[in-house]
Amino acid sequence: VLSSVQSIITQVKANDSSLTTINLPSQNLTDSDLIPLFQSLASNTHITTLHLPNNQLTNEGCKALASTLLDNSKISTIDISQNSNIGQGGIEELTNALPY
């Protein structure tokens, strides 16, 4: 799984126009897996969709994702459902980063 995340990060950093959706459901990914991915998205201009349900994202990961959303307005669809370790703090970070 980690190698697939590393591969995606490489594509994201290269701003690969063929990659518009990141689809990693039910991979048991943790913040340490996802935060580097979120950081790599800050300057990407092609990713529009993040599909990351049923992983192990926490408030820390949500904070990193929120930071990315402040830098990247291309991402319009995010699915982080069934990440049961996200608390109120993570939800607030994401809510504050949304443009509407």
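Residues numbered from 1 in each chain as written. Predicted model: local features only at pLDDT ≥ 70, side-chain atom pairs only at ≥ 80, totals over all residues. Heavy atoms only, no water.

### Remarks on the overall build of the protein
Helix and strand counts for the protein come out as 4 helices and 3 strands. Traced from its N-terminal end to its C-terminal end, the protein shows the element sequence α-β-α-β-α-β-α. Against the globule reference of 13 Å for 100 residues, the protein gives a C-alpha radius of gyration of 12 Å, in line with a compact fold. Considering only contacts within the protein whose residues lie at least 6 apart along the sequence, 81% involve residues at least 24 apart. Carbon and sulfur atoms provide 48% of the accessible area of the protein, an area that totals close to 5400 Å². (Helix = DSSP H or I, 4+ residues; strand = E, 2+ residues; numbered from the N terminus. Rg over C-alpha atoms; globule rule 2.2 N^0.38 Å. Contact = heavy atoms within 4.5 Å. Areas by Shrake-Rupley, 256 points an atom, 1.4 Å probe, with all protein chains shown as cover.)

### Some details on the side chain of D31
Residue position: D31 is located in helix α2 (residues 31–41). Despite its burial, D31 pairs with no opposite charge; the closest candidate is K63, at 11 Å N-O. With residues near it in sequence (within four places) discarded, D31 still touches P36, Q56, L57, T58, E60 and G61. (Buried < 20%, exposed > 50% of the residue type's maximum accessible area, 1.4 Å probe, protein only. Lys, Arg positive; Asp, Glu negative; His and termini not counted. Salt bridge = Lys/Arg side-chain N within 4 Å of Asp/Glu carboxyl O.)

### As for the layout of surface pockets
Size it by volume and the largest pocket reaches roughly 260 Å³. Surrounding the largest pocket, 13 residues form its lining, L69, I75, I78, L98 and P99 being those nearest its centre. Counting only elements with at least two residues in the lining of the largest pocket, the list comes to β3 (77–79) and α4 (88–97). Of the residues that constitute the lining of the largest pocket, the class distribution is 9 nonpolar, 4 polar and no charged. (1 Å grid on protein atoms, 1.4 Å probe; cavity = no way out; pocket = protein on both sides within 12 Å on 5 of 7 lines; lining within 4 Å. Points joined across faces, edges and corners; volume = space filled by probe spheres on them. Nonpolar A, V, L, I, M, F, W, Y, C, P; charged D, E, K, R; others polar.)

### As for the sheet that holds strand β2 (residues 49–51)
Strand pairing in a sheet is mediated by backbone hydrogen bonds. Such pairs are either parallel or antiparallel. The 3 strands lie next to each other as β1-β2-β3, forming an open sheet whose pairing is parallel. Since the sheet does not close on itself, it has two edges, and those belong to β1 (21–23) and β3, each with one partner. The average angle at which neighbouring strand axes cross in this sheet is 5°, direction not considered. Direction of pairing for β2 relative to β3: parallel, over a ladder of 3 bridges. Pairing of T49 across the sheet is with T77, part of β3. (Pairing = 2+ DSSP bridges. Axes fitted to C-alpha atoms, helices over the stretch in contact; angles between N-to-C directions.)

### Things to note about the environment of A42
In this structure, A42 sits in the loop between α2 and β2. Between the alpha carbons of A42 and N72 there is a distance of 5.4 Å; along the sequence they are 30 residues apart. Leave out the neighbours within four places in its chain, and A42 touches T68, D71 and N72.

### Overview of the side chain of N83
Within the secondary structure layout, N83 lies in the loop between β3 and α4. Not counting the four nearest positions on each side in its chain, N83 is found in contact with L52, P53, N54, N55, Q56 and L57.

Remember that the coordinates give geometry; whether it matters functionally is a separate question.
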